[in-house]
Amino acid sequence: AGSCCVIEERLVGREVSAMALVDGERVLMLPTAMDYKRRNEGDTGLMTGGMGAISPAPGMSEEILLEIRTRILEPTVHELRDKGGSFVGLLYAGVMLTENGPMLLEFNCRFGDPETQVVVPRIAQDFYELLLATARGHHTTEKVLEGRNEAVVNIVLCAKQYPEKLCGACVAPDQSAVAFAFIAVSSFLMSSGDSCGRSTLIVSLLSFAVSANGGW
């Protein structure tokens, strides 16, 4: 048997994704997002890698975002720096919003999927320049500008058998932007993998975006 036991606290709340560009010293927050894992409507069905996402994350205020930055992200970045392992890149925090404040669930050193598809369109400045400044280790701005009056919804189109079987067909809708993956070209779009496309809608109001697509 093991010599130690780890007891985890059960967290109740909403999980949100908080991404930040880190230049080794400073944390530059990106727009927040929330993804949905269940396959079917109404947050039902089998768990998947992500069936869609929305940005901004519901319930995310400036005060909560500040707390995530100052209590979770910045202390982590500074601790890495002080230990001689400065982090430069994208730091992704999965955070649970609880009645006791935001609680960290996990860190990733990458952009998330499907969160990236709703976060990037909301950045109202040159994304390449932001990434370049991060890679060079010197942010040239204090804050990422967002499309304040816009919300973005991402919906995954998947094969009927997903995730049990990685096969099937789906047809892309006539939306503003569609990104395809695992596609075999025929007389129609055929998924040769898991999810065959992601439709991203950029709209003026989040409530309209969700209701227009059947709700979550």
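Since the model is a prediction, treat every value here as computed from it, not as a measurement.

Cut-offs applied
Residues numbered from 1 in each chain as written. Predicted model: local features only at pLDDT ≥ 70, side-chain atom pairs only at ≥ 80, totals over all residues. Heavy atoms only, no water. Phe/Tyr/Trp six-rings, centres within 6.5 Å; stacked < 30°, edge-to-face > 60°. Helix = DSSP H or I, 4+ residues; strand = E, 2+ residues; numbered from the N terminus. Lys NZ or Arg CZ within 6 Å of the ring centre and 35° of its normal. Buried < 20%, exposed > 50% of the residue type's maximum accessible area, 1.4 Å probe, protein only. Arc of directions from axis to C-beta. Contact = heavy atoms within 4.5 Å. Polar contact = N/O pair within 3.5 Å; in protein donor to acceptor, adjacent residues only side chain to side chain.

Quick look at the packing of aromatic side chains
Right, so step 1: A full pass over the atoms with the stated rule returns one aromatic pair.
Right, so step 2: Centroid distance Phe 111 to Phe 127: 6.0 Å. Interplanar angle 70 degrees. Geometry classified as edge-to-face. With Phe 111 in the loop between strand E6 (101-108) and helix H2 (116-119) and Phe 127 in helix H3 (residues 127-135), the pair connects residues that are 16 residues apart, well separated along the chain.
Right, so step 3: The ring of Tyr 92 carries the charged tip of Arg 110 above its face, separated from the ring centre by 6.0 Å.

Things to note about H3
Right, so step 1: Within the span of H3, buried status applies to Leu 130, Ala 133 and Thr 134. Each buried residue of H3 lies within a common arc of 100 degrees when the element is viewed along its axis, so the set occupies one face. Residues of H3 that are exposed and angled more than 90 degrees away from the buried face: Tyr 128 and Ala 135.
Right, so step 2: The inward-facing, buried residues of H3 abut strand E1 (14-23), strand E2 (27-29) and strand E5 (88-98).
Right, so step 3: At the N-terminal boundary of H3, the capping side chain belongs to Asp 126, with an oxygen 3.0 Å from the backbone nitrogen of Tyr 128.

Comments concerning the environment of Leu 105
Right, so step 1: For Leu 105, the location among the structural elements is in strand E6.
Right, so step 2: The exposure class assigned to Leu 105 is partly exposed, which follows from its relative accessible area of 39%.
Right, so step 3: Between the C-alpha atoms of Leu 105 and Gly 94, which are 11 residues apart in sequence, the distance is 5.4 Å.
Right, so step 4: In this view, Leu 105 contacts Leu 11, Glu 15, Gly 94, Val 95 and Met 96; residues no more than four positions away in its chain are not counted.

A closer look at the side chain of His 139
Right, so step 1: When you line up the elements, His 139 lands in the loop between H3 and strand E7 (151-158).
Right, so step 2: Look at His 139 and you get buried, because its relative accessible area is 4%.
Right, so step 3: Each residue touching His 139, except ones within four places of it in the same chain, is listed here: Leu 21, Val 22, Asp 23, Arg 26, Leu 28, Ala 133 and Thr 134.

Regarding the side chain of Thr 134
Right, so step 1: Summarising the element assignment, Thr 134 is placed in helix H3.
Right, so step 2: By relative accessible area, which is 3% here, Thr 134 ends up buried.
Right, so step 3: The residues contacting Thr 134, other than those within four sequence positions of it, are Leu 21, Val 22, Asp 23, Val 88, Gly 89 and His 139.

Topic: the environment of Ala 133
Right, so step 1: As for its placement among the helices and strands, Ala 133 is situated in helix H3.
Right, so step 2: You can call Ala 133 buried: its relative accessible area is 9%.
Right, so step 3: Between the alpha carbons of Ala 133 and Leu 21 there is a distance of 9.5 Å; along the sequence they are 112 residues apart.
Right, so step 4: Sequence-distant contacts of Ala 133, that is, excluding residues within four places in its chain, are made with His 138, His 139 and Thr 140.

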